Amino acid sequence: MRSALHCLLLFSALWTLSFCGTSLIYVVNEAMNWTEAQEHCREKYTDLLTIESEKKMDYIAAALAGEMGHFWIGLKQKSEENTTSWIWSDGSYSSYEFWDNGQPDNSVGDNCVQLWSDLLFQWNDVQCCWPGPFICYEGE
Ligand SMILES: [Ca+2]
């Protein structure tokens, strides 16, 4: 298990850059739908953000403190299986979840997950087509 996270936050008008262990986390304040955001992250960094643990989620929430919006992360429903199952953009699965009360509440279909600042960055599933800011990672 990775020891203490050594994190440094640098803020600019457009993005947040966080050094956290061996991952860099980027908040991109451009309005894109989930698929566009995924393409952007894969082109410029590694992928849309994976949040596999409470520790990681706590770190992300702290990094986003003061930011307002609905931020795409890498979690997407496996619509082709016609079940409410979820997979991260990088192909990984994790048992960790941080849904807001009552979420996920969208019917089975093309649903993706956002962190909502007005829900203390808890997760909400929404249709993947909405434009919004998003979070990428680079590294592990
Ligand atoms: Ca929802």
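Residues numbered from 1 in each chain as written. Predicted model: local features only at pLDDT ≥ 70, side-chain atom pairs only at ≥ 80, totals over all residues. Heavy atoms only, no water.

## Let's talk about the pairing of strand E5 (residues 70–77)
Working step 1: Most of E5 is tucked away: seven of the eight residues are buried.
Working step 2: As defined by bridge partners, E5 adjoins strand E6 (residues 86–88) across three bridges and the pair is classed as antiparallel. Counted as the bridge partner of leucine 75 is tryptophan 88 from E6. (Buried < 20%, exposed > 50% of the residue type's maximum accessible area, 1.4 Å probe, protein only. Helix = DSSP H or I, 4+ residues; strand = E, 2+ residues; numbered from the N terminus. Pairing = 2+ DSSP bridges.)

## Here we look at the packing of aromatic side chains
Working step 1: Counted under the stated rule, the structure contains five aromatic pairs.
Working step 2: Ring centres of tyrosine 96 and tryptophan 123 lie 5.9 Å apart, and the angle between their planes is 80°; this geometry places the pair in the edge-to-face category. Within this pair, whereas tyrosine 96 is found in the loop between E6 and strand E7 (111–116), its partner tryptophan 123 is found in strand E8 (residues 122–127), the two being separated by 27 residues in sequence.
Working step 3: By relative accessible area, tyrosine 96 is classed as buried at 16%.
Working step 4: On the basis of relative accessibility, which here comes to 0%, the residue tryptophan 123 falls in the buried class.
Working step 5: On the numbers, 5.6 Å between centres and 80° between planes, the contact of tryptophan 99 with tryptophan 123 is edge-to-face. Placement of tryptophan 99 in the loop between E6 and E7 and of tryptophan 123 in strand E8 is noted, with a sequence separation of 24 residues between them.
Working step 6: Accessibility expressed as a relative area gives 14% for tryptophan 99, which makes it buried.
Working step 7: Ring pairing ties together the aromatic residues Trp86, Trp88, Tyr96, Trp99 and Trp123, which thus form one cluster.
Working step 8: Between the NZ or CZ atom of lysine 76 and the centre of the ring of tryptophan 34, over which it lies, the distance is 5.8 Å. (Phe/Tyr/Trp six-rings, centres within 6.5 Å; stacked < 30°, edge-to-face > 60°. Lys NZ or Arg CZ within 6 Å of the ring centre and 35° of its normal.)

## A short note on unusual backbone geometry
Working step 1: Omega for the bond connecting glutamine 103 with proline 104 falls within 30 degrees of zero, at -5°, which places this linkage in the cis form.
Working step 2: The residue leucine 120 is not glycine, and still its phi comes out positive at about 55°.
Working step 3: Tracing the sequence through the fold places leucine 120 in the loop between E7 and E8.
Working step 4: With phi around 65°, phenylalanine 121 is a residue other than glycine that occupies positive phi space.
Working step 5: Examined against the element boundaries, phenylalanine 121 turns out to sit in the loop between E7 and E8.
Working step 6: A residue is classified by how much of its surface remains accessible, and phenylalanine 121, at 9% relative accessible area, is buried.

## A look at the pattern of salt bridges
Working step 1: By the definition in use, this model includes two salt bridges.
Working step 2: Measuring nitrogen to oxygen at the nearest pair gives 3.2 Å for the salt bridge that ties glutamate 52 to lysine 56.
Working step 3: Residue glutamate 52 is classed as partly exposed on the basis of its relative accessible area, which comes to 41%. (Salt bridge = Lys/Arg side-chain N within 4 Å of Asp/Glu carboxyl O.)

## A look at the coordination of the calcium ion
Working step 1: Coordination sphere of the calcium ion, protein contribution only: Gln103 (OE1), Asp105 (OD), Asn106 (OD1), Asn124 (OD1), Asp125 (O) and Asp125 (OD), at 2.2 to 2.7 Å.
Working step 2: Metal-centred angles of 70 to 152° between the six donor atoms at the calcium ion mark the site as irregular.
Working step 3: Within one chain, the residues serving as donors to the calcium ion are arranged as Q-x1-D-N-x17-N-D. Residue asparagine 106 is found in the loop between E6 and E7, and its partner aspartate 125 is found in strand E8; the two are separated by 19 residues along the sequence.
Working step 4: A residue is classified by how much of its surface remains accessible, and asparagine 106, at 25% relative accessible area, is partly exposed. (Donors = N, O, S within 2.8 Å, 3.2 Å for Na, K, Ca; no water. Tetrahedral: all angles 85-135°; square planar, octahedral: opposite > 155°, others 65-115°.)

## Looking at the side chain of asparagine 33
Working step 1: Structurally, the position occupied by asparagine 33 is in the loop between strand E3 (23–32) and helix H1 (34–44).
Working step 2: There is a polar contact of 3.1 Å between the side chain of asparagine 33 and the backbone nitrogen of threonine 35.
Working step 3: Setting aside its immediate chain neighbours within four residues, asparagine 33 contacts Trp72, Cys128, Cys129, Trp130 and Pro131. (Polar contact = N/O pair within 3.5 Å; in protein donor to acceptor, adjacent residues only side chain to side chain. Contact = heavy atoms within 4.5 Å.)

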